[in-house]
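Now for the letters of each chain:
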Amino acid sequence: MENAFQSAARTRVKKELEQLHSSPPTGIQVWTKNDSLHELEAEITGPENSPYEGGRFLLHIELSSRYPLEPPQVRFKTPVYHPNIDSSGRICFDALNLPPKGAWRPCLNISTLLVSIRLLLVEANPEDALMAEIAEEYRKNYSLFVKKAKDHTQQQALVYSCTNKH
């Protein structure tokens, strides 16, 4: 039974990757890492009119053998100045967790998740932050937050690019 499930999960991941390659969402690219369907990497470009505009953010995605029943584990490899992303790249985002605290559902997919993470760069949720000081700054001094996020993006996110895409 487990092998049948793993086979179904593999088939779904292959289909999702084919779709991501043939019709990638704006600002998102995904590829396998070491030809593994359980380990992926993605690049998200900073959305226009955001402090992250022009940045290229590398993410690491791990899919368990229970995907899509369990959400992928996603981390930013590129440092990001953001209230919902900590210094080790962990992301505080409800779709990355199972209910009852999270919003992951098996009908979601890698593409939807990455589009949502890209939108999080535009619309932070300071009420559910991993980085309390940045959340406080976001709420009380937004212009300072924007300046710091832009500076951080210039220093950190422009050095990464997808040179090893498949």
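In this report, the structure presented in the accompanying data block is examined. (Residues numbered from 1 in each chain as written. Predicted model: local features only at pLDDT ≥ 70, side-chain atom pairs only at ≥ 80, totals over all residues. Heavy atoms only, no water.)

Here's the deal with unusual backbone geometry
Here is step 1 of the chain: Residue proline 68 is bonded to the preceding tyrosine 67 through a cis peptide linkage, with omega at 10°.
Here is step 2 of the chain: Here proline 68 is to be found in the loop between strand E3 (56-62) and strand E4 (73-76).
Here is step 3 of the chain: The phi torsion at aspartate 35 lies on the positive side, around 55°, for a residue other than glycine.
Here is step 4 of the chain: When you line up the elements, aspartate 35 lands in the loop between strand E1 (28-33) and strand E2 (36-45). (Helix = DSSP H or I, 4+ residues; strand = E, 2+ residues; numbered from the N terminus.)

Focus: the nonpolar core
For soluble globular proteins, nonpolar side chains are generally found buried alongside one another.
Here is step 1 of the chain: Counting 39 residues, the largest nonpolar core has Leu59, Phe76, Ile91, Leu114 and Ile117 as the members making the most contacts within it.
Here is step 2 of the chain: At the level of secondary structure, the elements contributing two or more residues to this core comprise helix H1 (2-22), E1, E2, E3, E4, helix H2 (110-122), helix H3 (132-140) and helix H4 (142-157).
Here is step 3 of the chain: Broken down by element, the residue count for this core peaks at six residues, all from H2.
Here is step 4 of the chain: Among all residues touching phenylalanine 76, those that are not within four sequence positions of it are Phe57, Leu58, Leu59, Ile85, Ser88, Gly89, Ile91, Ile117 and Leu121. (Core = buried A, V, L, I, M, F, W, Y, C linked by side-chain atoms within 4.5 Å. Buried < 20%, exposed > 50% of the residue type's maximum accessible area, 1.4 Å probe, protein only. Contact = heavy atoms within 4.5 Å.)

Observations concerning H4
Here is step 1 of the chain: Listed in full, the buried residues belonging to H4 are Phe145, Val146, Ala149, Thr153 and Ala157. The buried residues of H4 all sit within an arc of 95° when viewed along its axis, so they share a single face. The outward face of H4, more than 90 degrees from its buried face, is lined by the exposed residues Ser143, Gln154 and Gln155.
Here is step 2 of the chain: Residues of H4 that are buried sit in contact with E3 and H3. (Arc of directions from axis to C-beta.)

Brief notes about the packing of aromatic side chains
Here is step 1 of the chain: One pass over the structure, following the stated rule, counts seven aromatic pairs.
Here is step 2 of the chain: For the pair tyrosine 138 and phenylalanine 145, a centre-to-centre distance of 4.9 Å together with 75° between the ring planes defines the contact as edge-to-face. Accessibility assignment for this pair places tyrosine 138 and phenylalanine 145 in one class, buried.
Here is step 3 of the chain: Through a chain of ring-to-ring contacts, three or more aromatic side chains come together here, namely Tyr81, Tyr138, Tyr142 and Phe145. (Phe/Tyr/Trp six-rings, centres within 6.5 Å; stacked < 30°, edge-to-face > 60°.)

With respect to empty space enclosed by the protein
Here is step 1 of the chain: For the structure on display, the rule yields one cavity of 30 Å³ or more.
Here is step 2 of the chain: Of the volumes computed, that of the largest cavity is approximately 40 Å³.
Here is step 3 of the chain: Sorting the residues of the lining of the largest cavity by element identifies H1 and E2 as the ones contributing at least two each.
Here is step 4 of the chain: For the lining of the largest cavity, the leading source of residues is H1, giving three residues.
Here is step 5 of the chain: Classifying every residue of the lining of the largest cavity by side-chain character gives five nonpolar, two polar and one charged. (1 Å grid on protein atoms, 1.4 Å probe; cavity = no way out; pocket = protein on both sides within 12 Å on 5 of 7 lines; lining within 4 Å. Points joined across faces, edges and corners; volume = space filled by probe spheres on them. Nonpolar A, V, L, I, M, F, W, Y, C, P; charged D, E, K, R; others polar.)

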